[in-house]
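# Results of the structural survey
Each chain is listed here by its residues.
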Amino acid sequence: MRPDTPAEHTTEAERLLRTAAQYPEDHEPLFLQAAAHLELAGDRARATALYDELLTSPESTLDAPHLIKALKAANLWEYGHEAEARAILDGLRAAGPLDAAAWEIAAQTLEAHDELESAHDFFSAALTLLLAPGEEVPYATQALLTGRHRVRRLTGFGHDAWDELADALHTAAVPLDELHDPKRLWSLGSSDPGELRAEITRLRAELGAYRAALSRPFPVAVLHWSEDELTELLSAYPELGQEYADHADHLSRLEASLRDLHATGTPNLGIVTGTVPSYEAFAASEAASPSDPGLLPQYATTLAARGRAVPWPPARSADCWCGTGRPYRHCHGATAA
């Protein structure tokens, strides 16, 4: 069962912190989950302390430094530190991170405090930075389109190209224009049975979308090995040679698998990168042999659950996931069209 009371959230936060001590390589996502539970428990000062502890690490060692700052700002604003929160958000916008989640948290923080124009500016700045014309919209970026659509409806702006794209990507039965209609607030106080039934339908559609998102808390991830790690893996466990012919074939098959999943409509795809020591530790924790090919997908899922997945597809202007340093559009994304 999910934690429900403040005490249960505190207990879950403590469990996550113990896990972080056991797996220091995964301390960042585990600390973020623990901080979220502390916020839900009402212990916002302690949550801030966790964010600060993460941010004392060199930025180069963090996977998502800008997301941590955005979450810290959102938390600070909730318990009276508005000026500090605003300063963090201003710094985030100036930095222009390529992290959709950081932008989303920042914009939603402003929206939650009725700073609708500023929220709109954040959503728009993020999309300008992250979305190239004609590019397929990554899963993480879709939330920015939806959030911008919502804010524009609240402020009375007309539709533009990004709003139309948000409408096209929306799959629920109730259209976004209806879900984001400011007049819905009035219908909640209506005694008209027809209006109330329509509102119940809209709420069910929203609830269905939230449940779908919660049912996939981490990406469907495929396992990637660097060339050195794959060589070491196959040298130690030659039985896995049936899974990996060579490194170039491994990379090609990985990209093909992701495209096949994408073609079937699977959302929120990602890539996790394995290491031999980590894989061996996982096998030991499962009381299984590392030479068992059936262990590989379980290992990938575990890494994804710990927040180690990199979303796929990357923006075509971003570096390729394979680690060559080449832009995705010139590397494994060259045949994406």
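Residues numbered from 1 in each chain as written. Predicted model: local features only at pLDDT ≥ 70, side-chain atom pairs only at ≥ 80, totals over all residues. Heavy atoms only, no water.

### A short note on the packing of aromatic side chains
For clarity, the cut-off: Only Phe, Tyr and Trp rings are paired, with Trp represented by its six-membered ring, and only when their centres lie within 6.5 Å; those with planes under 30 degrees apart are stacked, over 60 edge-to-face, the remainder tilted. Remark: a charge is flagged as sitting over a ring if the NZ atom of Lys or the CZ atom of Arg is within 6 Å of the ring centre and within 35 degrees of the ring normal.
According to the stated counting rule, one finds five aromatic pairs in the structure shown. Ring pairing ties together the aromatic residues Trp-225, Tyr-279, Phe-282 and Tyr-299, which thus form one cluster. The ring of Phe-122 has Arg-93 lying over it, and the distance from NZ or CZ to the ring centre is 5.6 Å.

### Examining the packing of helix 5 (residues 82–95) against helix 7 (residues 116–130)
Rule in force here: To obtain each axis, a line is fitted to C-alpha atoms, and for helices this fit is confined to the stretch in contact; angles are then taken between N-to-C directions over 0 to 180 degrees. Per the convention used, a helix needs a DSSP run of H or I reaching at least four residues, while a strand needs a run of E reaching at least two, with both numbered from the N terminus. If an angle is under 35 degrees, it is roughly parallel; if it is over 145, roughly antiparallel; if it lies from 65 to 115, roughly perpendicular; otherwise it is oblique. Helix crossings fall into two classes, left-handed where the near helix is turned counterclockwise from the far one by less than a right angle and right-handed where it is turned clockwise. Two residues form a contact once any of their heavy atoms are found within 4.5 Å. Charged residues are taken to be Asp, Glu, Lys and Arg, nonpolar residues to be Ala, Val, Leu, Ile, Met, Phe, Trp, Tyr, Cys and Pro, and polar residues to be all remaining types, Gly included.
Two elements in contact, helix 5 and helix 7, have axes separated by 11 Å at closest approach and are oriented at 25°. Taken as axis vectors, helix 5 and helix 7 run roughly parallel relative to one another. Crossing hand, helix 5 versus helix 7: left-handed. Taking contact as the criterion, the partners of Leu-89, Leu-92 and Arg-93 in helix 5 are, on helix 7, Asp-121, Phe-122 and Ala-125. Per-class residue counts for the contact of helix 5 with helix 7 are four nonpolar, no polar and two charged.

### Some thoughts on the nonpolar core
Stated formally: Working definition of a nonpolar core: buried Ala, Val, Leu, Ile, Met, Phe, Trp, Tyr and Cys residues. They are joined through side-chain atoms within 4.5 Å. Each residue is placed in one exposure class: buried if its accessible area under a 1.4 Å probe, protein chains only, is under 20% of its type's maximum, exposed if it is over 50%, and partly exposed if it falls in between.
Of all hydrophobic cores here, the largest spans 49 residues; its most connected members are Trp-103, Phe-122 and Leu-144. Setting aside residues no more than four positions away along its own chain, Phe-122 makes contact with Leu-89, Leu-92, Arg-93, Trp-103, Ala-106, Ala-107 and Leu-110. Counting residues in hydrophobic clusters, the runner-up holds 20 residues, among them Leu-230, Tyr-299, Ala-304 and Ala-309.

### Focus: the pattern of salt bridges
Where we set the bar: Note on definitions: salt bridges are taken to be side-chain nitrogens of Lys or Arg within 4 Å of carboxyl oxygens of Asp or Glu.
Evaluated as defined, the whole model comprises 17 salt bridges. Notably, a salt bridge pairs Glu-84 with Lys-72, separated by 3.9 Å at the nearest N-O pair. Of the two residues, Glu-84 sits in helix 5 while Lys-72 sits in helix 4 (residues 65–78), which places them twelve residues apart along the sequence. A relative accessible area of 38% means that Glu-84 is categorised as partly exposed. Since its relative accessible area comes to 11%, Lys-72 is described here as buried. The shortest N-O distance in the salt bridge between Glu-82 and Arg-86 comes to 2.8 Å. Here Glu-82 and its partner Arg-86 are both found in helix 5, four residues apart, which amounts to about one turn of the helix. You can call Glu-82 partly exposed: its relative accessible area is 35%. Linked through salt bridges whose partners overlap, the residues forming this network are Arg-148, Arg-152, Asp-160 and Asp-163.

### Overview of helix 6 (residues 100–112)
It helps to recall that an α-helix has 3.6 residues per turn; residues three or four apart then point in one direction. Heads up, the condition is: Given a helix with a known number of residues, its expected span is that number minus one, times 1.5 Å.
Taking 1.5 Å as the rise per residue, helix 6 with 13 residues should run 18 Å; its terminal C-alpha atoms sit 18 Å apart, in good agreement. Within the sequence span of helix 6, burial applies to Ala-100, Ala-102, Trp-103, Ala-106, Ala-107, Thr-109, Leu-110 and Glu-111. In the core, the buried residues of helix 6 are packed alongside helix 4, helix 5, helix 7 and helix 8 (139–155).

### Focus on the environment of Glu-28
Using the following cut-off: Between N or O atoms, a polar contact is any pair within 3.5 Å; within protein, one atom must be a potential hydrogen donor and the other a potential acceptor, and residues adjacent in sequence are included only when both atoms are from side chains.
By the secondary structure assignment, Glu-28 is in helix 2 (residues 27–40). Judged by relative accessible area, Glu-28 falls into the buried class, the value being 5%. Through-space distance from the C-alpha of Glu-28 to that of Leu-50 is 9.8 Å; in sequence the pair is 22 residues apart. From its side chain, Glu-28 meets the backbone nitrogen of Ala-64 in a polar contact 2.9 Å long.

### Side note on the pairing of strand 1 (residues 220–225)
Note the following rule: A pair of strands is treated as paired once DSSP finds two or more bridges between them.
Of all six residues in strand 1, five are buried; the element is thus mostly enclosed. Where strand 1 and strand 2 (residues 269–274) come together, six bridges link them in parallel fashion. Looking at the pairing, Val-222 lines up with Ile-271 of strand 2.

### What to know about the pairing of strand 2
With respect to burial, strand 2 is a largely interior element, five of its six residues being buried. Here strand 2 pairs with strand 3 (residues 310–312) via three bridges, running antiparallel. Across the sheet, the residue bridging to Ile-271 is Val-310, located in strand 3.

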